[in-house]
Amino acid sequence: MSCKGLSLMSGGLDSQLAVRVLERAGAEVEGVCFETPFFSSANARKAAAALGVKLHVLDFTEDEVGLLENPPHGFGGAMNPCIDCHATMIRRAGELMASLGYDFVATGEVQGQRPMSQNKQSLCTVEKSSGLKGRLVRPMSAKLLEPTIPEIEGKLDREKLLDISGRSRDRQIALAKEFGITDYPSPAGGCKLTEEAYGRKLKDLMEHEGLRDKATGALNRTLLDLLVVGRRFRLPGGSSVILGRDANENARLEKGVFAAILKPTNGIPGPTAAIPVLVSESDIPLAQSLVNAYVRGTTPADRASFKPYQLI
Ligand code: SF4
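Per chain, the residues get numbers from 1 upward, laid out in the order the sequence is written. Where local features are concerned, this predicted model is filtered to residues with pLDDT of at least 70; where side-chain atom pairs are given and counted, the filter is 80 or more; whole-chain, interface and lining totals use all residues.

J.: Any chance you could explain the overall build of the protein here in plain terms?
T.: Put simply, DSSP marks the helices as runs of H or I at least four residues long and the strands as runs of E at least two long, and each gets a number from the N terminus on. Within the protein one finds twelve helices and ten strands. Projecting the C-alpha coordinates of the protein onto the three principal axes gives extents of approximately 75 × 40 × 30 Å. With C-beta atoms placed from the backbone, a residue is buried if 20 or more other C-beta atoms are within 10 Å of its own, exposed if 12 or fewer are, and partly exposed between those counts. The proportion of buried residues among the 312 residues of the protein is 39%. Think of it this way: build a C-beta for each residue from its backbone, and any pair within 7 Å is a contact. Contacts spanning at least 24 positions in sequence make up 62% of the contacts within the protein whose residues lie at least 6 apart.

J.: Looking at this structure, I do not really get the packing of helix H4 (residues 82–100) against helix H5 (residues 120–130). What am I missing?
T.: Any two packed helices are characterised by how steeply their axes cross, that is the angle between the axes, and by the distance between the axes. Here an angle of 0 to 180 degrees is reported between the N-to-C directions of two axes, which are lines fitted to C-alpha atoms, with helices fitted over the stretch in contact. Between H4 and H5, the least distance of the axes is 8 Å, while the angle of their chain directions is 50°. With respect to H5, the element H4 is oriented oblique. Viewed along their axes, H4 and H5 form a crossing whose handedness is right-handed. Across the interface between the two elements, Ile83, His86, Ala87, Ile90, Arg91 and Gly94 from H4 touch Ser122, Thr125, Val126, Ser129 and Ser130 from H5. Of the residues belonging to the contact of H4 with H5, the class tally is four nonpolar, six polar and one charged. Any angle from 65 to 115 degrees is called roughly perpendicular, while one under 35 is roughly parallel, one over 145 is roughly antiparallel, and all others are oblique. Handedness of a helix crossing follows the sense of rotation of the near helix relative to the far helix, less than a right angle counterclockwise being left-handed and clockwise being right-handed. Residue classes follow a fixed rule: Ala, Val, Leu, Ile, Met, Phe, Trp, Tyr, Cys and Pro count as nonpolar, while Asp, Glu, Lys and Arg count as charged, and any other residue, Gly among them, counts as polar.

J.: Can you walk me through the site of the ligand in this structure?
T.: Residues are counted as near a molecule or strand when the C-beta atom, derived from backbone positions, lies within 6 Å of that molecule or strand. Taken together, Phe39, Asn80, Pro81, Cys82, Cys85, His86, Cys191, Leu193 and Thr194 make up the full set of residues adjacent to the ligand. Classifying every residue of the shell around the ligand by side-chain character gives six nonpolar, three polar and no charged.

J.: Explain the sheet that holds strand E3 (residues 55–59) to me, please; I cannot follow it from the model alone.
T.: Paired through their backbone hydrogen bonds, the strands of a sheet run either parallel or antiparallel. Strands were regarded as paired on the criterion that DSSP finds at least two bridges between them. Strands sit in the order E3-E2-E1-E4-E5 across an open sheet of five strands; the sheet is parallel. Each end of this open sheet is capped by a strand with a single partner; those strands are E3 and strand E5 (136–137). In this structure, strand E1 (residues 3–8) lies alongside strand E2 (residues 27–35), joined through six bridges in parallel fashion. Across the sheet, Leu8 pairs through a bridge with Val32, a residue of E2.

J.: Just checking my understanding: could you explain H4 for this structure?
T.: What sets the pattern is the α-helix's 3.6 residues per turn: residues three or four places apart point alike. Here a helix's expected span is defined as the number of its residues, less one, multiplied by 1.5 Å. Look at H4: 27 Å from first C-alpha to last across 19 residues, which is about the 27 Å you get at 1.5 Å a residue. Of the positions making up H4, those classed as buried are Cys82, Ile83, Asp84, Cys85, His86, Ala87, Thr88, Met89, Ile90, Ala93, Gly94 and Met97. Packed against the buried residues of H4 are E1, E2, helix H3 (61–69), strand E4 (104–106), H5 and E5. At the C-terminal side of H4, Gly101 shows a positive phi close to 75°.

J.: Would you take a moment to explain the pairing of strand E7 (residues 240–243) for this structure?
T.: Consecutive side chains along a regular strand alternate between the two faces of the sheet. Neither face of E7 is open: one carries Ser240 and Ile242, the other Val241 and Leu243, and all of them are buried. Judged from the four bridges that link them, strand E6 (residues 231–234) and E7 form a sheet pairing that is antiparallel. Pairing of Arg234 across the sheet is with Ser240, part of E7. Once E6 ends, the chain turns through five residues before running back antiparallel as E7, passing Gly238 with a positive phi of about 110°. Sheet analysis places E7 next to strand E9 (residues 273–275), joined by two bridges and oriented antiparallel. Counterpart to Leu243 in the pairing with E9 is Ala273.

J.: Honestly, the domain arrangement of the protein in this entry has me stumped. Any pointers?
T.: Reports of interface size often rely on the accessible area that becomes lost once the parts have come together. Here the domain parsing of the protein yields domain 1 (3–179) and domain 2 (195–311). Domain start and end points were adopted from an automatic or database domain assignment. Computed over C-alpha atoms, the centres of domain 1 and domain 2 are 38 Å apart. Tallying the contact residues gives seven residues for domain 1 and nine residues for domain 2. For the side of domain 1 that touches domain 2, the class distribution of residues is five nonpolar, one polar and one charged.

J.: Got a minute to help me understand the packing of H3 against H4 in this structure?
T.: Close contact between H3 and H4 brings their axes to 10 Å; oriented N to C, the two are set at 145°. Crossing handedness for the pair H3 and H4: right-handed. Contact residues: Asp63, Glu64 and Leu67 in H3; Asp84, Cys85, Thr88 and Arg92 in H4.

J.: Would you mind showing me how to read helix H7 (residues 170–179) here?
T.: Burial analysis of H7 places just one of its ten residues in the buried class, a small minority of the element. Two residues or fewer after H7 comes Gly180, characterised by a positive phi angle close to 70°.

J.: Would you mind showing me how to read the nonpolar core here?
T.: As a rule of thumb, soluble globular proteins bury nonpolar side chains together. Remark: nonpolar core denotes a set of buried Ala, Val, Leu, Ile, Met, Phe, Trp, Tyr and Cys residues whose joining runs through C-beta atoms within 7 Å. Residues Val21, Leu22, Ile90, Ala93, Val105, Val241 and Ala273 are the most contacted members of the largest nonpolar core, which totals 69 residues. With eight residues, the single largest contributor to this core is H4. Counting residues domain by domain, this core receives three or more from each of domain 1 (3–179) and domain 2 (195–311). Filtering out sequence-adjacent residues up to four positions away, Val21 remains in contact with Pro139, Met140, Leu161 and Leu162.

If you want it as structure tokens, here you go:
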């Protein structure tokens, strides 16, 4: 008896091992990953290509913004609504599973690997809030968890699933060797929402321009994409100004459509500045002074003497 499943792929080692373990237990596996302005699908795409599995890439921006606006389980250390984000990804994968007529969704989670988010209770919470009870397989720790429907039906060989728990990576490293997996990114990183500095900029955007167009409710994609660009300041009139930090960022800002684009006066080399939404005309001369304060050759002391702005 065979079965088919979708395995969540981050591109990290555990998500790659999960695919191989599921295959060994008799499943045909495809990957599913998500992309937003907060994290990319690049690692997952690379891993899926190396494993030779089909990958479904789902845009997750609307889901993530909804969670940023209202995270039922709150945020982690920064602006990262991890518990709800993870459960929502599994729910979205479950919807895809149902539409394709597949048997299960899997993740590379290891019980006890992360004390807060991967203990037995949070694995159960995620399963419950994703609405996938009995169809969510964690092949790395399956033998420590209740059998899932494909295991009970004999479509997935429980004996070939694993019983890994805890923070040690020894068994994963040994398995990587066994499966010939050599290329994988470090376990942490990749999601901007976990970074404090990024979270501060995101919060500022939410409190001022907003993540959505006020009239239509559509996502402010441009403003979200720009969160990784430049130095950002909030001016006294309420506008934000973004200053390019190098030639690439200057070029990117010059290509955009903004309320105002400013360059250093007198042709001195320096940053391009963009004001995405102009709240007050009085901000324009202040933004221009700010640009001039960052021209080549100015020192931090020179810039410190320019006061009427706040670095975000
Ligand atoms: S780290 Fe980012 S992508 Fe991962 S669960 Fe948390 S919010 Fe979601």
